Amino acid sequence: MKSFKNKKVFVSGGNGVIGRELVRILASYGANVFTGDLKPKGDELPCNILYRQGDLNYIEKYEIENFSPEIFIHLAATFERSTESYEFWDENFWHNVRLSNYLMSIMKDLKSLKKVIFASSYLIYDPKLYNFVLPQKLPVSLKENDNIYPRNLIGMAKLSHEIELRFLNEFKSKQFKTVTARIYRGYGLNSRDVISRWVRSLLNNETITVYKKEGIFDYIFSRDTAEGLLRLALSNKAEGVINLGTGKARKVEDIVDILMKHFPKMKIKYEDSNILYEASQADIAKLIKLINWSPKISLEKGIDSIIKYEKSKKKVKAENFGNILITSISKKIPLIDAVKKSARKFHPDIKVLGVDIKKDCIGKYFVDKFLKIDEVTKMKDDELLLLLKENDVRYIIPTRDGELIFWSNMRNKLLKKGINVFVSDTKSIEICLDKFLFYKYSKSKKIPSIQTSLNISDIKSDYYVVKERFGAGAKEIGIKLSREKAGSHSQKLSFPIFQPYIDGKEYSFDTYVNFNGKIKGIVIRERNLVVNGESQITTTIQDKKIEKELTKIVNRLNLRCHIVGQMIIDSKGKINIIEINPRFGGASTVSIAGGLDSFYWFLLESNDVNIDKYPFISLSKKIKQIRFPQDYIKLEK
């Protein structure tokens, strides 16, 4: 399969049982692979692939457009055992029905796309064809044109997407071809299939329970499944529905006999069940005709590989990514929503908690759990650690200037407990929060910040800006004041500072600095309408020259995680830094829409993921953000 060399292939579910085999084969033949999966990458996948950890229901269109795949192999799906639980209703829709539709909605208009391979299932065939009240001697060979009637939710989801692909084929057949591979009873390494479960039990000297030992299934090993999908991807003839199985079904008792050779003292318990006897296998005549290939790995060899794998496998703790705590949530609904989206994108089990000193704060209705506590910065260390442990908090996002230093001082202590804080170093925060100190530091580092003084006589200007030295820059600010009015205005302030008034356009910029101090990206936005110091209407702009200068400036400040800055570009095109806030800003959500995925990157880094392979992709189009109040209707329980 050397034809894959330099081909761009996007694989959904690339860290699954089939996905790992498939991605390894692709990488070995020189393909450029981009894959996504809920699970962390781990050591089993090649290091030279582009890997995206998280829920692909949240992948952005620009992420895939930027990669420009030629081949899309859709493996991502969720499964349950033979009997689906009531709770599977929502899971099936989200990870099977919705995900398939969402990914294909992104893919369908890509000019680069030439082939789509969808991993469907034989579960869409009418079970009356192959399920029986009594055991059968021979299996039924299911053909691609046999009756269909999905026997469960998974089968329904697979059939739904098959029909969607058939629909798209009517409009896009000249652009790309689609293959629907109906995969039979899969098993493989590190799987939840019955064979792997039995092997793990036997290695632990546990009794295995066997139901319907006379059942007949077409067992296909994951490595064969992966190779079959890739051969279908390369074939110019392959199109439409194609069975992917061995065509040689085996009985459940055959598996037991094979395991008995490896585990002579194995303990077995045979139990009755009200499920019917299955007797099915794939008719693979079409598969062989199209690609001149059929699966080669026997059940004996497959089971042998699983046993060797399970014996060598290191014990891994169950995945638990913990929860996120947002502090001082007040009415910061856009920020809460952005964090929740990043949390779901990273892993669906993560909950977003919120704290605030006001028990009736608006934000409590938008977090997964609200914690009413007194001022968090006044809590004793032991109290705080207990609170975080009880709520399984692994990530903390401070949102208020007044608590940044507290959390920065606690950062190393919390890190030893496995808790990461979305905050910069204490010294850098102190510099940024003190506007006079910031100017003095900027001057020493040749950062073009606006002249700032505690004494108006130090500044020569026609007009002045007067503001508080500490805290929010817009609080009680006086803009374009005469010398006399500036002096009068300063009397109203607690710690006044003076700056010359500079005529020009006002901009904000957002950036994310990774844990190693490297800038991930910058989004610049024009402040079109400012209310109470925050942008009510803001529009992103792109200017490579300004971005380059801002990168140099931020690098001199030794900051970390998300920061937001304000600046004025004067008539000469010169940057004049007003202030830098070492936190996520009120209007910073527009930067996420612009590709600056700060909260998601923070979650990745907190879980030891190198985000260099998660590129910042700046949107070429302008984004306008309008911030407005909105009603939220909530049904009470």
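Nothing here was measured: the structure is a model prediction, and the numbers come from that model.

Caption draft 1: Examining the environment of H489 more closely. Note that H489 resides in helix α15 (residues 483-490). Taking the relative accessible area as the measure of exposure, H489 reaches 14% and is therefore buried. Sequence separation between H489 and D503 is 14 residues; the distance between their C-alpha atoms is 20 Å. With residues up to four places along the chain from it excluded, the contact list for H489 reads V466, E476, I477, G478 and L481. At a separation of 3.5 Å, a polar atom in the side chain of H489 contacts the main-chain amide nitrogen of G478.

Caption draft 2: Looking closely at the sheet that holds strand β25 (residues 496-500). Pairing within the open sheet is antiparallel, and its three strands lie in the order β24-β23-β25. Both outer strands of the open sheet, β24 (478-481) and β25, are each paired with one neighbouring strand and no more. Each adjacent strand pair in this sheet contributes to an overall mean axis angle of 25°, direction not counted. As paired strands, strand β23 (residues 464-468) and β25 are joined by five bridges and run antiparallel to one another. Across the sheet, the residue bridging to V466 is F498, located in β25.

Caption draft 3: Molecular detail of the pairing of strand β29 (residues 561-570). Counting buried positions along β29 gives ten out of ten residues, so the element sits mostly inside the fold. With ten bridges joining them, strand β26 (residues 504-513) and β29 adopt antiparallel strand pairing. Note that in β29 the partner of E506 across the bridge is I568. Bridging between β29 and strand β30 (residues 575-581) involves six bridges; their strand directions are antiparallel. Its bridge partner lying in β30, G565 is registered against I580. Between β29 and β30, which follow one another and run antiparallel, lie four residues, and G573 among them has a positive phi close to 80°.

Caption draft 4: Examining the packing of helix α12 (residues 401-415) against helix α13 (residues 426-433) more closely. Where α12 contacts α13, the two axes come as close as 9 Å, and the packing angle between them is 165°. Relative to α13, α12 is oriented roughly antiparallel. Of the two elements, α12 crosses α13, and the hand of that crossing is left-handed. Contacts from D401, L404, I405, S408 and N409 of α12 reach α13 at T426, I429, E430 and L433. Counted by class, the contact of α12 with α13 contains four nonpolar, three polar and two charged residues.

Caption draft 5: Fine view of unusual backbone geometry. Within the chain, N6 stands out as a residue other than glycine whose phi angle is a positive 70°. Take N6: it is sitting in the segment before β1 (8-12). Of note in this structure, K446 is not a glycine but carries a positive phi near 60°. Here K446 shows up in the loop between α14 (435-444) and β23.

Caption draft 6: Region of interest: a nonpolar patch on the surface. A contiguous nonpolar patch, built from V133, L134 and L276 and spanning about 320 Å² of accessible area, is present on the exposed surface. Within the secondary structure, V133 sits in the loop between β6 (131-132) and β7 (140-142).

Caption draft 7: Molecular detail of the sheet that holds strand β21 (residues 393-397). In space, the five strands of this open sheet follow the order β20-β19-β18-β21-β22, with parallel pairing throughout. Two strands close off the open sheet at either side, each with one partner strand: β20 (369-372) and β22 (420-421). In terms of strand pairing, strand β18 (residues 323-326) meets β21 through four bridges, oriented parallel. Looking at the pairing, L325 lines up with I396 of β21. Packing of helix α10 (residues 333-346) onto the sheet brings it into contact with β18, β19 (352-356) and β21, and relative to β18 it is tilted by some 170°.

Caption draft 8: Representation of the packing of aromatic side chains. In total, this model carries 21 aromatic pairs according to the counting rule given. Between F515 and F602, the aromatic rings sit 6.2 Å apart at their centres with planes inclined by 65°, giving edge-to-face as the arrangement. Residue F515 is found in the loop between β26 and β27 (519-531), and its partner F602 is found in helix α18 (residues 598-606); the two are separated by 87 residues along the sequence. For F515, a relative accessible area of 26% corresponds to the partly exposed category. According to the relative accessible area criterion, F602 is buried, its value standing at 1%. The ring of Y277 is capped by K212, whose NZ or CZ atom sits 4.1 Å from the centre of that ring. Sitting over the face of the ring of W601, K520 holds its NZ or CZ atom 5.5 Å from the ring centroid.

Criteria and cut-off values
Numbering of residues starts from 1 in each chain and follows the order in which that chain's sequence is written. The model is predicted, so local features are restricted to residues of pLDDT at least 70 and side-chain atom pairs to those at 80 or more, both for listing and for counting; the totals for chains, interfaces and linings are taken over all residues. Only heavy atoms go into the side-chain values, all of them from the structure, while hydrogens and water stay out. Numbered from the N terminus, helices here are DSSP runs of H or I no shorter than four residues, and strands are runs of E no shorter than two. Relative accessibility under 20% of the residue-type maximum defines a buried residue, over 50% an exposed one, and the middle range a partly exposed one, all with a 1.4 Å probe and only protein chains included. Any two residues whose heavy atoms approach within 4.5 Å at even a single point are treated as in contact. Each polar contact in these results corresponds to two N or O atoms within 3.5 Å; when the atoms are within protein, one needs to be able to donate a hydrogen and the other to accept it, and residues that are neighboring in sequence are counted only if both atoms are side-chain atoms. One requirement defines pairing of two strands: DSSP has to find at least two bridges between them. Helix axes are fitted to C-alpha atoms over the stretch in contact, other axes to C-alpha atoms as well, and angles between N-to-C directions run from 0 to 180 degrees. Under this scheme an angle from 65 to 115 degrees is roughly perpendicular, one under 35 degrees roughly parallel, and one over 145 degrees roughly antiparallel; angles in between are oblique. When the near helix sits turned anticlockwise from the far one by under a right angle, the crossing is termed left-handed; a clockwise turn instead gives a right-handed crossing. Amino acids outside the nonpolar list (Ala, Val, Leu, Ile, Met, Phe, Trp, Tyr, Cys, Pro) and the charged list (Asp, Glu, Lys, Arg) are all regarded as polar, and Gly is one of them. A patch consists of residues whose relative accessible area exceeds 30% and which take part in no salt bridge; residues with like charges are grouped when within 9 Å of each other, and nonpolar side chains (Val, Leu, Ile, Met, Phe, Trp, Tyr) when within 5 Å. Calculation of accessible area relied on Shrake-Rupley with a 1.4 Å probe; when residues are assessed, cover is drawn exclusively from the protein chains displayed. Counted as salt bridges are all cases of a side-chain nitrogen of Lys or Arg within 4 Å of a carboxyl oxygen of Asp or Glu. Stacked, tilted and edge-to-face are the three classes assigned to paired rings of Phe, Tyr and Trp, where Trp is represented by its six-membered ring and a pair needs centres within 6.5 Å; plane angles under 30 degrees give stacked, over 60 edge-to-face, the rest tilted. Cation placement over rings: the criterion is NZ of Lys or CZ of Arg within 6 Å of the ring centroid and within 35° of the ring normal.

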